[in-house]
Amino acid sequence: MKTEVKVSTKQKRISNILEETGRLIIAGPCSAESQEQVIETAKALAADGRVHYLRAGIWKPRTMPGSFEGVGTLGFKWLKMAKTITGLPIATEVGSERHVYEALKHGVDMLWIGARTVSNPFTIQEIADAIRGVDIPIMVKNPLSPDINLWEGAINRFARAGVSQLGAVHRGFTLSGKSILRNNPSWNIPQLLRERMPDIPIICDPSHIAGKTNLVQPIAQRAINMGLNGLMVEVHPNPQQALSDAAQQLTPLSFTTMLNRIIGEVELTNTDELLSELRLEIDLIDDELIRAIANRMNLVKHIAEAKKLSNTDIIQPSRWDSIVQRIGQLASEQGLRPSFIRKLFNSIHKESCNFQHEQILQSAVK
Ligand code: PEP
Ligand code: MN
């Protein structure tokens, strides 16, 4: 089959893409693995018509040694071919000064900085210095830990190096406990970044938050509903065979179906599918509820110690009255029945008091 060659002569600026389409969409495999894999993915994504950049990792920062660490510079040849065939500009991750020089030498159109790299200001400064004076868009992922200052600081280092096309990628934060998700979204953090840096577009990488293909769509949906400015999604022609992140990559077909649903406003008519989608979203919210209650109980442990030290009674009626008043108000603002929230909090409060009694008794026995 003869393939049409569409080479883009001048690349659009990120701000123009956002103005024209309302969102920035980056998609492609976690890692470039072979010429066939890169080209097959690029063709399918170009056929979708809504993708602005083809992503593929050339060097993979892996938590565990011995995992697939990327094909290295050989992969640029495949990315360039994909660009020539489809016209899609190409994006890759850089984690050092050398990566920047290699990527620029091979004509990469966008660079992203991975979560592990963003956690290290020395490396960020080194990369920012290497990029100084080059007009290339840079997407900065959030660091592994939920530290907004590290994220903001990294973006500022690039801004100070004169990078004029900057964006942020929300990919979730390392979890301390068990969850159905791979990384904790902590949605309040991208919201806070938006308040601190209103001119920086923030897109969501639902693949690394979800960790599993069936959870990618509800996360992407939530990001779009929250008003984030686009998506970076991992797409692989044969996810089960992927050399990295096999569990979370979508096939090109499921990627297109997902975009139709979340940005194309195609209603689901199959009620079984609709039901299972809604159930997934409920599971994600239950996950957040359990985490929030566990965090609350952890604080209660410290409160028990403080009350013991200061000889304060466990039950303080005035404090409880003010909690009841506050949550009642919040509940009605959110359209929830105050009587239901009151019952729920009575039960949480009872558990918290029992827990404090146990804590105090235990420390008295010691
Ligand atoms: C990736 O995009 O494949 C990647 C390694 O992402 P992160 O830095 O978010 O883990
Ligand atoms: Mn990945």
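Residues numbered from 1 in each chain as written. Chains lettered and ligands numbered in written order. Predicted model: local features only at pLDDT ≥ 70, side-chain atom pairs only at ≥ 80, totals over all residues. Heavy atoms only, no water.

**Q** Please give an account of helix H11 (residues 252-262) that cites residues and values.
**A** Among all positions in H11, only Pro 252, Phe 255, Met 258, Leu 259, Arg 261 and Ile 262 are buried. Structurally, H11 contributes buried residues whose contacts are with strand E1 (24-28), helix H2 (35-48), helix H10 (213-225), strand E10 (230-234) and helix H12 (271-309). (Buried < 20%, exposed > 50% of the residue type's maximum accessible area, 1.4 Å probe, protein only. Helix = DSSP H or I, 4+ residues; strand = E, 2+ residues; numbered from the N terminus. Contact = heavy atoms within 4.5 Å.)

**Q** Hey, could you go over the coordination of the manganese ion (ligand 2) for me, with residue numbers and the actual values?
**A** Perfect tetrahedral coordination of a metal by four donors corresponds to 109.5 degrees between them, and perfect octahedral coordination by six donors corresponds to 90 or 180 degrees. Within the protein, the atoms that donate to the manganese ion (ligand 2) are Cys 30 (SG), His 208 (NE2), Glu 234 (OE) and Asp 245 (OD), at distances of 2.1 to 2.4 Å. In primary sequence terms, the donor set of the manganese ion (ligand 2) follows C-x177-H-x25-E-x10-D. Pair noted here: Glu 234 is in strand E10 and Asp 245 is in the loop between E10 and H11, with a separation of 11 residues, a long-range link. Each member of the pair, Glu 234 as well as Asp 245, is classed as buried. (Donors = N, O, S within 2.8 Å, 3.2 Å for Na, K, Ca; no water.)

**Q** Lay out the nonpolar core with the relevant residues and their values.
**A** One finds Ile 138, Val 140, Phe 158, Leu 231, Phe 255 and Met 258 to be the most contacted residues of the largest nonpolar core, which totals 71 residues. Broken down by element, the residue count for this core peaks at six residues, all from H10. Not counting the four nearest positions on each side in its chain, Ile 138 is found in contact with Leu 111, Ile 113, Ile 131, Phe 158, Val 163, Gln 165, Leu 166 and Gly 167. (Core = buried A, V, L, I, M, F, W, Y, C linked by side-chain atoms within 4.5 Å.)

**Q** Lay out H2 in plain terms, naming residues and giving numbers.
**A** A rise of 1.5 Å per residue sets the reference length of H2, with its 14 residues, at 20 Å; its end C-alpha atoms lie 20 Å apart and thus fit the reference within 8%. Those residues of H2 that fall on the buried side of the exposure criterion are Gln 37, Val 38, Ile 39, Thr 41, Ala 42, Leu 45 and Asp 48. Buried residues in H2 make contact with E1, strand E2 (53-55), helix H3 (74-86) and H11. In the stretch just after H2, Gly 49 is the one whose phi turns positive, near 85 degrees. (Expected span 1.5 Å × (residues − 1).)

**Q** Before we move on, can you summarise the environment of Arg 160 with the specific residues and values?
**A** With respect to the secondary-structure elements, Arg 160 resides in helix H7 (residues 148-160). Arg 160 sits 32 residues away from Ala 128 along the chain, and the two C-alpha atoms are 8.4 Å apart.

**Q** Describe the packing of H10 against H12, and please don't skip the residues or the numbers.
**A** For the pair H10 and H12, interaxial distance at closest approach is 10 Å and the crossing angle is 75 degrees. Put simply, H10 runs roughly perpendicular to H12. Side by side, H10 and H12 meet where Asn 214, Leu 215, Gln 217, Pro 218, Ile 219 and Arg 222 of the first sit next to Glu 277, Leu 280, Glu 281, Leu 284 and Glu 288 of the second. Among the residues forming the contact of H10 with H12, the class breakdown is five nonpolar, two polar and four charged. (Axes fitted to C-alpha atoms, helices over the stretch in contact; angles between N-to-C directions. Parallel < 35°, antiparallel > 145°, perpendicular 65-115°, else oblique. Nonpolar A, V, L, I, M, F, W, Y, C, P; charged D, E, K, R; others polar.)

**Q** So what's going on with the pairing of strand E4 (residues 110-113)? Which residues, and what values?
**A** Looking along a regular strand, one sees side chains alternate from face to face of the sheet. Taking every second residue as pointing to the same face, both faces of E4 are buried, with Met 110 and Trp 112 on one and Leu 111 and Ile 113 on the other. Relative to E4, strand E3 (residues 90-93) runs parallel, the two being bridged by three bridges. Its bridge partner lying in E4, Thr 92 is registered against Leu 111. In this fold, E3 hands off to helix H4 (residues 97-105), which returns the chain to E4; that crossover is right-handed. Note that E4 and strand E5 (residues 138-141) share three bridges and pair parallel. Looking at E5, one finds that Leu 111 is bridged to Ile 138. (Pairing = 2+ DSSP bridges. Right-handed = clockwise from strand over helix to strand, strands pointing away.)

**Q** Before we move on, can you summarise unusual backbone geometry with the specific residues and values?
**A** Generally, phi is negative for residues other than glycine and the peptide bonds are trans, each holding for most cases. Unlike most non-glycine residues, Ser 186 shows phi in positive territory, near 35 degrees. Inspection of the secondary structure assignment puts Ser 186 in the loop between strand E8 (183-184) and helix H8 (188-196). In the Ramachandran plot, Asp 245 falls in the positive-phi region, its phi being about 50 degrees despite a non-glycine side chain.

**Q** Lay out the domain arrangement of the protein in plain terms, naming residues and giving numbers.
**A** Taken domain by domain, the protein holds domain 1 (14-263) and domain 2 (271-365). Between the C-alpha centres of domain 1 and domain 2 the distance comes to 37 Å. Across the contact, 15 residues belong to domain 1 and nine residues belong to domain 2. Here domain 1 and domain 2 share an interface that buries about 950 Å² over both sides, 53% of which is from carbon and sulfur atoms. The tally of links between domain 1 and domain 2 comes to two salt bridges. Here Glu 277 ties to Arg 261 by a salt bridge, and the two come within 2.4 Å at their closest N and O atoms. For the pair domain 1 and domain 2, the number of links is four residue pairs in polar contact (both at pLDDT 80 or more). The dominant element in the side of domain 1 that touches domain 2, judged by the number of residues it contributes, is H10, at six residues. (Domains from an automatic or database assignment. Buried area = accessible area lost by both parts, 1.4 Å probe. Salt bridge = Lys/Arg side-chain N within 4 Å of Asp/Glu carboxyl O. Polar contact = N/O pair within 3.5 Å; in protein donor to acceptor, adjacent residues only side chain to side chain.)

**Q** Requested: an account of the site of ligand 1, with residues and values cited.
**A** Taken together, Cys 30, Arg 55, Lys 60, Glu 93, Trp 112, Gly 114, Ala 115, Arg 116, Lys 141, Arg 171, His 208 and Glu 234 are the residues near ligand 1. Here an oxygen atom of ligand 1 and a side-chain polar atom of Lys 60 are 2.8 Å apart. Separating an oxygen atom of ligand 1 from a side-chain N or O atom of His 208 is a distance of 3.4 Å. Coverage of ligand 1 by the protein chains reaches 97% of its 290 Å² of free accessible surface. Looking at side-chain class alone, the shell around ligand 1 contains three nonpolar, two polar and seven charged residues. (Near = heavy atom within 4 Å. Areas by Shrake-Rupley, 256 points an atom, 1.4 Å probe, with all protein chains shown as cover.)

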